Each structure stands twice: as structure tokens, then as C-alpha cells.
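Residue-level structure breakdown
So you can see what is in the structure, the chains are spelled out below.
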Amino acid sequence: MKTNKYQKSLWTYLAFFLLLFGVAGAINKYFISGEHAFGVSPEVPWGALISGYVFFAVAATGTGLVGSLGHVFHLKKFEPLSKRALLASILLLLSAFLVLAIELANPFKMIYLLLSPNLSSPILWMGVFYGIYLILLFGEFYFTMKDNHKVASGIAYFSFVVKLAAIINLGRVFGYTASRGFWEGYYYPAYMVVSALVSGAAVLLIIHYFSTKDFKVPGYAKTQVESLGKNLSQILAVALLIFAVFQAIKVGISLNAGDMATAEAAKALISGPLAISFWAMEVLVGIVAPLALLLGSKFTSMGKAFWAGILTMAGMLFSRLDFVYAGQIIPLQIVDATQQIAQVYNAYSPTWSEWSLIIGALGLIILVFDYAECKLALD
Amino acid sequence: MANYVMFIDPNKCTGCNACRIACQMQWGLTPSVNYNHLIEQETGKYPKVQRMIIPIQCQHCDDAPCQKVCPTGATYKREDGIVLIDAKKCIGCKYCMVACPYNARVINEEGVPEKCRFCAEYVAQGETPACVSTCMNEVRIFGDLDDPASPLHELINNQDVVQLRPDLNTKPRIYYAKSKRG
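**Quick notes on the environment of Val106 of chain B**
When you line up the elements, Val106 of chain B lands in strand S6 (residues 106–107). The spacing of Val106 of chain B and Lys45 of chain B is 61 residues in sequence and 34 Å in space, taken between C-alpha atoms. Ignoring sequence-local partners within four residues, the contact set of Val106 of chain B consists of Pro42 of chain A together with Val33, Asn34, Tyr35, Met97, Val112, Pro113 and Glu114 of chain B.

Laid out in C-alpha cells, this is it:
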């Protein structure tokens, strides 16, 4: 283990400030406003914190998936990423759990997931898969740090299957709801897998930039650094293109759906209350701009690849916000499915507390990762 | 074992909201929390427009989506057909609220998504649910479908009744009289 003294940087203070903002949001929920701290309602029961949970959980899984190119698929080029990919996965998943725990009204009753589990519930399986995944991540990280790669690889194979199951099941949580036409079906399990690859490549590009920008990594030549960066950039570009096609197909099919509620939800996304968030943040910032940066530099600029990663993650956050709200934005057709839908939407706007918890979780990840970079031998 | 169902005739509903208020009084709910509500449905075109007021509450479905998605089994169905929630087990994930096609649940001060209980505790003592007993027009009738002496037996088996969102196959336990207003 390294014994370097922890050097505080601008990032440290920024991350600490973000974390404090998150703590303020949690204080507001637990000691001041209670459930009213969040903008949800009986019509829109799931809000930004569910989006935040999906954002962090999918990023954790994606980072693990792309990171496993080294440990599971033995692509030597990706092996230098393994330790950081594992650490990032652990921190992202812990953040996902933290955000979800604050969103839940009674998180301590989760003991009943074990005492009286309902096996037909996708949320139960979400807890099972992600719980096992977190344990495996800790195990894989521990043995990797101990340079026991045989055991670490063994765990990695099992972990690969678990993380795939976890991410597909996460999509099923949404696809299982027959009353929400926009979510129902098999699209969201596939969406989660593709967007996990996008998130994973973006997170690893950001980490790769910070860990190698000064080319200080021992035994790791500049050409290797550039080559790995180029490969990650290419993975991100391909994943983004597939993601864009997936989203276009989803919106196209939904617009032409026989079910009026599904079509209206898609209209809300592209020309209704979600249009700015969808076109400006999800499409322009999250897909077009990163692709332009990556393709424009022909995958050779590490700086541009870093910004492509940042923009992609910002777009991903809005993608989560958009799809969670879009699934609930159209009032339920309670009487019958053919009743005319009035041109009104279920209102929802994230409160400062909801934003603060997502931002605070980001601060926590940066802070702990920065500390670990200094204290652990991650190279 | 009883087989509880409810019959609602929206044709008789005046929209007075007494059912909602009686329920709130019965269960000591705050003004913003209610287990039943009314929706208004317009049909036809001017000048032949008709308006129906439809009382909505938990449908106590036999294939309840809320029960299927509840991760801890907090939502459960009794043998007499009533769907209840065990607050002790509820983690407050609100998946039941998302899954319910009838918008029947509302989160209470304890963070539990509560809903109409068919006044289970009062029914056990031989009383009728508050929304039923308070209604001046006898819009609702509650009882045991298997009891041949119950007026429900005649109403549901012989009258033209409909259920809400039959396409979702949730098998609701509330039957509505068909609209007589075209």
C-alpha cells in the first residue's frame, strides 16, 4: 500500500462542497420537510432520485462491464484499468444504494426482503443481484490489490454474469408495469445494457485521463496510454451510435403505438414538457457533442476524449430523468384504454433536495476516489 | 369464507364527495390524503354531451399488480378478496403506486402507500364501509357475492356491469353499472 501524504487539490475542495450540498438535502428530508422534500406525487411517484439511482447503478455496471475486458476477456491492453475500474464500480454502486436509501421512506425495513421476499417482484431481484454484485466487487478488488489474479479472475467471471443479470433486471423493473405503456415491454432491459456500455466507457475515459495525464505511470509507456485512450474512445463512439439508434427506434415505435398513452408520452418527450431536456441535454450534449469531439479528433486527443466522457455522463443523467418522468407524465387511463386523453400532463419538477442528493453523491465519489488514488497502489 | 365485492352505479352519483369525506373521517386522514376520489368523464359532442362522475378507489384486484411488484410482500390479498398492506413490512419504494392502473394509492405520513381497505376492520364487525353507508343515493353496494340473499348477487349476475380496464386482466372486485347516458 502507498503511504503518500494526501495532497488536497482544487478537486478535493470542489468534491467536499458538492458532498456538503448533498448532506444539506438529506438533512432537509430527514429533519425538516420529510417526504415533502421531494417533488413526487401520487401521479408521479418516482422522481429524480429513482433516475439518480439508475444513473449510478448503470454506470457502476457499465464500468464493470468495460473494465472486465482486461480481467475476464484477457485483453492485455485493458488490464491497467482493472483496479480503477473496480474501485469506480464500487463507489458508483455505493452511491446508487445511498441515493435509493434516502429515496425510500423506510429503508430499515429492507430486512423484510430477506424475511418475506416476494419472488415475483423485479425490485426484489434488483436487490439480490446488485447486493451480490457489490460483494463480488469488493472480493475482486481485494484480491486484485493483493495481486492474486487467479482468484480475482475467478470472481470476475462470476461477477460478469451477475452484473449482466442485474442490468437486465433493472430494465425489467420498468418494463414490468403494464399500466405504464411507455415503459412496458422488452425495450428497457436492452436500453440498460446499451447505456451501461456508454456509461462504462465514459467513466473509464474520465478516469484514464486523470490517472495518466502526466504519464507518470511506471512501466506504462506513453504509446500504451494513448492506445488505451484511443480504444476507449472508439468503444464510447460505437456505444453512443448504438444508443442513438436504440433511442430513435424507441421514440419512433412509441409515436406510432396503438396505445394512446404511449404515443402521448413520446410526444411529451420530443415536443412537450420534456423536449428541452431531451433534445438539448440527452441528444445534443449527451450524444452529438461527444461524438463530434471523438470523431473530430479521430480518437487521438485525450483532452477531447475526457470532455466527451464528461458530456456523455451529463447526457446520461438527463436520459434517466427523461425516461423515468416520461413513463408517468400521461395521466392514467383509469376507466378504459380508449378514453380520450386530455391535453394535460402530470406535473413533476425535481426539488433542490433531489438535485443535491445526486450532486452530493458525485462529490462523494470524487472525494473517495481522489483519496484512494493517493493511498492505494492502483497502477 | 366471504367473497367481498362492491357494486357502483355511476348513473346515480351526484358528485357530492361525501364518500371521500366519510372515508377520511373513518380513517383519520389529513385533507390531502384520500383513499377514494371521483373522476369526471365526458362523452359525445356538442350539443349532445354527457357527463359521468365515476367513483374510483382500490379495485381489490384478484390479480393485483401492486401485490405482484411489492418486494417484501407488504401488500397481500386475504382469502375474502380484500387487498391490504402490512405497514410493518413496507419499505416505501412506491412500486405499488407505479404499478397500480387505477391511481388508487397515496403515500401517508409514515411513508406507506395506503389505499382503500374496504373498511376491513369494520366489515369484520358486521358494518358496511363508510363510503357505502354515507351515500345518499345508494351509489355503492358492498357485500358477499356468494350470499344468495345479498342484493349484490342479483345486481352483478343479472345486470349489465363493467369493470375498469378489463384489458389489463387485473380482475377487479368492483363492478360498475353501465352508463345509461349513451
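Structure shown, so let's carry the discussion forward.
**Observations concerning the sheet that holds strand S1 (residues 4–8) of chain B**
Residue and element names in this part refer to chain B. Strand order across the open sheet formed by 4 strands is S8-S1-S10-S9, with mixed pairing between neighbours. Looking at strand neighbours, the two that pair on one side only are strand S8 (140–144) and strand S9 (161–162), the edges of this open sheet. By the bridge criterion, 3 bridges tie S1 to strand S10 (residues 174–177) in an arrangement that is parallel. Bridging across to S10, Ile8 finds its partner in Tyr176.

**Description of the pattern of salt bridges**
Under the criterion given, the structure shown has 13 salt bridges over all chains. Lys94 of chain B is paired through a salt bridge with Glu103 of chain A; the nearest N and O atoms lie 3.3 Å apart. Note that Lys94 of chain B is positioned in the loop between strand S5 (83–85) and helix H3 (95–99) and Glu103 of chain A in helix H3 (residues 82–103), a pairing that runs across two chains. An identical accessibility class is assigned to Lys94 of chain B and Glu103 of chain A; each is buried.

**What about the packing of aromatic side chains?**
Here the structure, examined in full by the defined rule, presents 29 aromatic pairs over all chains. Through a chain of ring-to-ring contacts, three or more aromatic side chains come together here, namely Trp46, Phe174, Phe182, Trp183, Tyr187, Tyr188, Tyr191, Phe243, Phe246 and Phe323 of chain A together with Tyr95 of chain B. The positively charged end of Lys250 of chain A is found above the aromatic ring belonging to Phe182 of chain A, 4.4 Å away from the centroid. The cationic tip of Arg117 of chain B hangs over the ring face of Trp27 of chain B; the distance from NZ or CZ to the ring centre is 5.3 Å.

**Let's talk about the interface of chain B and chain A**
Bring the parts together and some accessible area is lost; that lost area is often taken as the interface size. Each partner contributes to the interface: chain B provides 38 residues, whereas chain A provides 41 residues. Of all residues in chain B, Ile91, Tyr95 and Val98 of chain B bury the most surface against chain A, accounting for 22% of the area lost on that side. At the junction of chain B and chain A, the tally comes to 1 salt bridge. One can count 22 residue pairs in polar contact (both at pLDDT 80 or more) joining chain B with chain A. Considering only residue class, the side of chain B that touches chain A consists of 21 nonpolar, 8 polar and 9 charged.

Reading guide: rules and limits
- Residues numbered from 1 in each chain as written.
- Chains lettered and ligands numbered in written order.
- Predicted model: local features only at pLDDT ≥ 70, side-chain atom pairs only at ≥ 80, totals over all residues.
- Heavy atoms only, no water.
- Helix = DSSP H or I, 4+ residues; strand = E, 2+ residues; numbered from the N terminus.
- Contact = heavy atoms within 4.5 Å.
- Pairing = 2+ DSSP bridges.
- Salt bridge = Lys/Arg side-chain N within 4 Å of Asp/Glu carboxyl O.
- Buried < 20%, exposed > 50% of the residue type's maximum accessible area, 1.4 Å probe, protein only.
- Phe/Tyr/Trp six-rings, centres within 6.5 Å; stacked < 30°, edge-to-face > 60°.
- Lys NZ or Arg CZ within 6 Å of the ring centre and 35° of its normal.
- Buried area = accessible area lost by both parts, 1.4 Å probe.
- Polar contact = N/O pair within 3.5 Å; in protein donor to acceptor, adjacent residues only side chain to side chain.
- Nonpolar A, V, L, I, M, F, W, Y, C, P; charged D, E, K, R; others polar.

What is shown is where atoms sit, not what they do.
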